[in-house]
Each structure stands twice: as C-alpha cells, then as structure tokens.
Amino acid sequence: MSLFASPAMTPGPSKASTTNDVTSRTIPAGSVPPIAAKTADPFAQAALNMPVALRRRLATSSFLVAGDIASYLIAYFVVLSLLPSGSEGTMVERTFTIAAFAAIVLYASAGLYPGYRLHDHEHLRRRTIAAVKVAVLTAFGAIILPEGERLLLATIGFLALGLIVQPLVHWLARCLCWKLGIWGERAVVIGGCNLTPALVAHFKNHWQHGIRPEPFSSDTLEALPDGGPSIAVIAGDTGSLGPDLAVMRRKFAEVILLSDTPSLKVSGLRPADVGGEIGIRLTTGGSSVNSDLVRRILDLAIAIPAMIVVAPFIAFAAAAIYAIDPGPVFFRHTREGRSGKPVHVLKLRTMYQDAEQRLEALFRDNPTMRAEWLSHFKLKDDPRILPVIGHMLRASSIDELPQLANIIAGQMAIVGPRPFPEYHLLAMDGEFRNKRRSVTPGLTGLWQISERSNADIELQQQLDEFYIDNRSLWLDCQILLSTIPAVFKRRGAY
C-alpha cells in the first residue's frame, strides 16, 4: 500500500511506478540543464548529463543495497556459528551467496531501492514475499540437487535471520543518506484550503517517505525552470487546477494526488486495480472471515506464550503497588468493544484509589489542567498517579500487560484501536464511533507507535481512522514490530 493515490495522468506506466501507486514516470525532454563544460571521456560525459534526481536515486539505492548485503553478512556469520562442526565449506558459502543475491534482485524488482513513498508495512510485505520466493526455490533445489537437503534448513534460517536484521540496517542506511543530503526527491506541494504549510511540515517530519517538499504557487507554474523539482504533490480541492494539469505533465515527471496519511486527513481515496483497469474506490473497514480467523490464530499464538513470560513481572509490579497504596492491585474498566459490546479491560492499578476525587479537586483549583484534560484526556503531571511505580508502569506500558487475558478471552486483539473510556468516546463524532465498532480493540495500535499521549482528540481519531481504512495483516505486523522500540523510547508516554 502506497502513501499516495495518483490518477492515470500519463499513458503506459512502468511496473515499478504502478507498485508505488504513481502513474507518470516519463522524464520530460529537456528537463536536464545544459552542461557548459565538455569532456573527452564519454562515460564522464554521460554522468554529467545524468539528471540530478537520477544520480541521487542511484546513490541512495547503492547505500540501501550495501545495507542489505551487510545484513546478509551478519546472518551468514550467525548461522555459520550454529551449524554443526564440519559443515563449513564452499558449498555453504555459494548457496548463501546465491540466495542473498536472488533476494536482493527481487527487492530491486519490487521497487524497494530506494522505495520512496512506501509505508513501512509495505516494505515488510515486499521483503517477506521476496524471501519466501527464494526459500521456495531453495526447497526445489534441495529436491533435485545432491546433498541439497543438508543445506535447506540452513538456507531458510539464513534468509529468515537476514529478514529480521534488515529493517534496522535499512533504517541506518536511510538515516545516513538523509544526513548526506541524498535521500528523497524534490517535490512542489500544492494544497487547497491552506493545506500547504501542514503538508510541507508533515513531509519534513516524515522524511523517510522520500518527499523533499517545497512550497509552491500555481501562479508561477509556467515560470518554473527546467531541472527543478520532479514531482508535484496535490491535495485538497483540485477542481480549479484543471487548466494547469497539461502544463504540470510537461513540467513534472510525476503528478500525485495525495491520499490520506496517518496524521493528516485529506481525501480517503486511493487507486485500485479493478479487472485490469485503474479505478478509484472508497476504502472501507470491512474484513473477510478468513483474515479474522488468521488474526485470531496469531493473537492466541502470541498472547498465550507472552502471558507465561510476563506473569513474574506482573506479580512483582502488583506487589510494589500494594506496598505503596494497599488495596486492589488490578483495575477493571468497562470500555466499548467490537459491535458496541462492553469489554472489561484489565490493567495494573497505577493510581491512588481515590483518583476521581483528586481529579475533581485539581480541576476546581487549576483551569489550565482542566483544559489539558479536555484536549488529551491525559495529564503530564497527574497527581492521581502512584509515586515511582505508577509512572514507571505507565511509561513502559507494563500496566497494559494484564490485557493479554482479554486477548485470550477473545475480547481484544493484539493490534487494533485502543479501547477508550466512554467519556473519551463522547468527544468523537458518532460516525467515527460506528467505524471503531467495526473492528476489535487492540493492545497496541497505530496511535501507540506514533504519537501516544502527545496526540490530541483530532489526531487520535485520524490515526485510528487511517488504521481502520487501511487495515491488513501486514500493517498489523508492522505495528507489532514497531511497538517494542516505541515503548523503549517512552516518547509521549505518561
């Protein structure tokens, strides 16, 4: 799933551009500024004539490929240390090399170098599919080649470990490219309804999408010099831009109509492949019975072992809570679940038993704190929270771990919109509440890995709505993988 939706604005899109949800990939003639200096070396001349954007893409792709090679080298040495003594040899090295090379070729064919304008879960999906294809070919080779069976498990383990290491190394490579100033492509941002400043700020904060935004006025379209930004990003009311679209096709390699982003609601439209034709459809929050069954199996496969592992931590935290404020150590609160059914969410108690009275007294004496509460339904300096243990449990999200019991009981899922209290839901519009009831609430979600407590009511609603509209197993996997670093960062958790 791509971040953007673009109409069929140029004929004959390439396969790579289609997978990135953009349709115009043709570099207009004359877009490269003339080179004054001449050289006798034809290769140097070709490099000079190469568009700047293309040189940046090649440089960035080289860093990303190097990162994936480094990931496979790490996987190679780890797997080699686990193999039985005497397994080392030329055959193992050749097999691993071929498998890594095949995976990198498939990554390239899937548009992952440099992979601009793709969500993280889409990166994960494409990488996993490529690794599975290589594993299938390896299994086929194990059947037809002599001594192939001996290398099958080792090669699959090598590919799986590489897939685990790659996101971290890939992130480091992207950061390095960003520091060097070669990450991303220049883009002019054209937003109706005063959206331009918000869009520019959004893409600067989320630089990993590969958009280097520049504010722009359509009045200066004809005067825009060749060799400038190669992309035009349009959002909001585009009806008045009709006469300019022909000029935009000549000036820009890509013209993109922006779809929704997690923290910036725009249109809710995205392109869909319908019967071999590109169509525009409204996304829905529906899900198939099969996907719900797969989610339920994955929830149980994760929640049951996790409950066994975290039980000692829950017991220790419960003892600390009782020592500070004797009384019940668990807190049950009724929340709204799927189809509006009540869910009794289980948490470790992190507040004093008279928390409600303390909150009412605080609001009487401090109107500023009341305003903060009405905006976020949380307080950074909350007098209700137990000293030391309360802040630690909330910042680390350990207080939420008893909800694994809710997941095992089928009342919650591992990933989904957080189940909010009634007073929280009353601040949201009725249509959105109905949409929330269409999915099972989760232990973690898009809100937890992005803004957490820093998000106000409007942003919380946008994040949840984006998740429901774009819900998939791959998005769930990406959220789950991102939850652990988000917890350790403790950003916005209080």
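Fair warning: this is a prediction, and the values are worked out from it, not measured in the lab.

Conventions we followed
Residues numbered from 1 in each chain as written. Predicted model: local features only at pLDDT ≥ 70, side-chain atom pairs only at ≥ 80, totals over all residues. Heavy atoms only, no water. Helix = DSSP H or I, 4+ residues; strand = E, 2+ residues; numbered from the N terminus. Buried < 20%, exposed > 50% of the residue type's maximum accessible area, 1.4 Å probe, protein only. Contact = heavy atoms within 4.5 Å. Areas by Shrake-Rupley, 256 points an atom, 1.4 Å probe, with all protein chains shown as cover. Phe/Tyr/Trp six-rings, centres within 6.5 Å; stacked < 30°, edge-to-face > 60°. Lys NZ or Arg CZ within 6 Å of the ring centre and 35° of its normal. Axes fitted to C-alpha atoms, helices over the stretch in contact; angles between N-to-C directions. Parallel < 35°, antiparallel > 145°, perpendicular 65-115°, else oblique. Left-handed = near helix turned anticlockwise from the far one by under 90°. Salt bridge = Lys/Arg side-chain N within 4 Å of Asp/Glu carboxyl O. 1 Å grid on protein atoms, 1.4 Å probe; cavity = no way out; pocket = protein on both sides within 12 Å on 5 of 7 lines; lining within 4 Å. Points joined across faces, edges and corners; volume = space filled by probe spheres on them. Nonpolar A, V, L, I, M, F, W, Y, C, P; charged D, E, K, R; others polar. pLDDT = per-residue confidence, 0-100. Pairing = 2+ DSSP bridges.

*Asks:* I would appreciate a short explanation of the overall build of the protein chain in the present structure.
*Replies:* For the protein chain, the count of helices and strands is 18 helices and 11 strands. A total of 494 residues make up the protein chain; the buried ones form 47% of that total. Taking the contacts inside the protein chain whose residues are at least 6 apart along the sequence as the reference set, 72% of them involve residues at least 24 apart. Roughly 25,000 Å² of accessible area belongs to the protein chain as shown, and the carbon and sulfur atoms make up 64% of that amount.

*Asks:* Looking at this structure, how should I read the packing of aromatic side chains?
*Replies:* The way to describe two aromatic rings as a pair is by their centre distance and the angle between their planes. Tallying each qualifying case throughout the model produces 8 aromatic pairs. Between Tyr76 and Phe96 the ring centres are 5.9 Å apart and the planes differ by 85 degrees, which places this aromatic pair in the edge-to-face class. Highlighted residues: Tyr76 in helix H3 (residues 52-82) and Phe96 in helix H4 (residues 90-109), separated in sequence by 20 residues. Judged by relative accessible area, which is 14%, Tyr76 ranks as buried. Since its relative accessible area comes to 3%, Phe96 is described here as buried. Residues Trp178 and Trp207 carry aromatic rings whose centres are separated by 5.1 Å and whose planes lie at 20 degrees to one another, so their mutual orientation is stacked. Here the residue Trp178 occupies a position in helix H6 (residues 148-180), and Trp207 occupies one in the loop between helix H7 (196-205) and strand E3 (211-215), the gap between them amounting to 29 residues. Taken together, the aromatic side chains of Tyr72, Tyr76, Phe77, Phe96 and Phe158 make up a single cluster linked through ring pairs. One residue, Arg127, lies across the ring of Tyr107, its end atom 4.6 Å from the ring centre.

*Asks:* I'm lost on the environment of Asp456 in this one. Help?
*Replies:* Turning to its location among the elements, Asp456 is positioned in the loop between helix H16 (446-450) and helix H17 (457-469). Judged by its relative accessible area of 30%, Asp456 falls in the partly exposed class. For Asp456 and Lys378, which are 78 residues apart along the polypeptide, the C-alpha to C-alpha distance reads 9.5 Å.

*Asks:* For this particular structure, what's the right way to read the packing of H3 against H4?
*Replies:* Geometry of a packed helix pair, given as the angle between the helix axes and the separation of the axes. For the pair H3 and H4, the least separation of the axes is 11 Å and the interaxial angle reads 150 degrees. With respect to H4, the element H3 is oriented roughly antiparallel. Between H3 and H4 the crossing geometry is right-handed. Here Val65, Asp68, Ile69, Tyr72, Tyr76, Val79 and Leu80 of H3 lie close against H4, whose contacting residues are Val92, Glu93, Phe96, Ala100, Ala103, Ile104 and Tyr107.

*Asks:* What is the right way to read the pattern of salt bridges from this model?
*Replies:* Opposite charge on two side chains lets them pair, provided their charged atoms get close. This structure, assessed with the given rule, holds 15 salt bridges. The residue Glu336 makes a salt bridge to Arg437 at a minimum N-O spacing of 2.9 Å. In this pair, Glu336 is assigned in strand E8 (residues 330-336) and Arg437 in the loop between helix H15 (430-436) and strand E11 (442-444), connecting sequence segments 101 residues apart. Taking relative accessible area as the criterion, Glu336 reaches 17% and is therefore assigned buried. What you see here is one network of salt bridges that share partners, running through Glu336, Glu422, Arg433 and Arg437.

*Asks:* Please clarify how empty space enclosed by the protein should be interpreted in this entry.
*Replies:* Leftover empty space is mapped by rolling, across the atoms, a probe with the size of a water molecule. The full count for this structure, using the stated rule, is 2 cavities of 30 Å³ or more. Empty space within the second largest cavity amounts to approximately 80 Å³. Glu336, Gly337, Pro417, Arg418, Leu425, Arg433, Arg436, Arg437, Val439, Thr440 and Pro441 are the residues that line the second largest cavity. Taken together, the residues of the lining of the second largest cavity break down into 4 nonpolar, 2 polar and 5 charged.

*Asks:* In this structure, what is going on with the confidence of the model for the protein chain? I would like to understand it.
*Replies:* Here the protein chain averages 75 in pLDDT, and 72% of its residues register 70 or above. pLDDT under 50 marks residues 1-49. Its contacts with residues more than four places away, or in other chains, come to 97 contacts.

*Asks:* Which parts of the structure should I look at to understand the pairing of E8?
*Replies:* Look at any regular strand and the pattern is simple: side chains alternate between the two faces of the sheet. Here E8 pairs with strand E9 (residues 342-348) via 7 bridges, running antiparallel. Across the sheet, residue Arg335 finds its bridge partner in E9, namely Val343. The hairpin turn running from E8 into E9, its antiparallel successor, is 5 residues long, and Ser339 in that turn takes a positive phi close to 60 degrees.

*Asks:* It is not clear to me how the packing of H4 against helix H5 (residues 120-144) should be interpreted in this structure. Could you clarify?
*Replies:* Their axes nearest at 9 Å, the elements H4 and H5 cross at an angle of 140 degrees. What the angle tells us is that H4 and H5 run oblique. Every pair of crossing elements has a handedness; the one defined by H4 and H5 is right-handed. In this structure, H4 contributes Ala99, Ala102, Ala103, Leu106 and Tyr107 to the contact, and H5 contributes Arg127, Ala130, Lys133 and Val134. Classifying every residue of the contact of H4 with H5 gives 7 nonpolar, no polar and 2 charged.

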